[in-house]
Amino acid sequence: MKTALWGTILSSLWLATFAMPAAADSLRGAWRGSGTVTFSNGSQERATCRANFKPSGQGAYDATASCSSQTGTVTQEAFVRGRGNRYRGTFYNPEFDTTGNIQLNLSGGSMVARLSSNRGTAVIRLSRAR
């Protein structure tokens, strides 16, 4: 059950790995980081994530991410739109058929991704993968 909840929450986190504010391709590329997933029942798990962002229009990006925790690994997709250092969008985890909202805040070479769904929330801090 926890694995399903975790997959739901992170289904886009992933979706998140970005930096470099205000650049035309500020999110483009590979990111990695870690954070905390909080399930709707209040339990928490630490997660590590890898994400990749590709431009899909002016100020828009498609993302894929894979996140792992003690209960398993999930892969998710996301779409975000924004400019400068703030992006918002939705994520989807096909493995658990779960959708939710994602918000990205960039600062220098790092990003904070916040995800929420009816199954819980996640806060993941990411930086460009090297």
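As shown above, the structure is provided for reference.
Computed from a prediction, not measured in an experiment: that's the story for all the values here. (Residues numbered from 1 in each chain as written. Predicted model: local features only at pLDDT ≥ 70, side-chain atom pairs only at ≥ 80, totals over all residues. Heavy atoms only, no water.)

Caption draft 1: Just the environment of R128, in detail. Residue placement: R128 occurs in strand 8 (residues 120-128). Separated by 97 residues in sequence, R128 and W31 have C-alpha atoms that sit 4.3 Å apart. Within polar-contact distance, the side chain of R128 engages the backbone oxygen of S26 at 2.6 Å. Among the polar contacts listed, one links the side chain of R128 to the backbone oxygen of R28, at a separation of 2.7 Å. (Helix = DSSP H or I, 4+ residues; strand = E, 2+ residues; numbered from the N terminus. Polar contact = N/O pair within 3.5 Å; in protein donor to acceptor, adjacent residues only side chain to side chain.)

Caption draft 2: View of the state of the cysteines. By the definition in use, this model includes one disulfide. One disulfide bridge connects C49 with C67, the sulfur atoms lying 2.2 Å from each other. The disulfide joining C49 to C67 has a torsion of about 115° about its S-S bond and is therefore right-handed. You can see C49 sitting in strand 2 (residues 44-57) and its partner C67 sitting in strand 3 (residues 60-69), a full 18 residues away along the chain. (Disulfide = S-S within 2.5 Å.)

Note that all results are geometric; they support no functional claim without further evidence.
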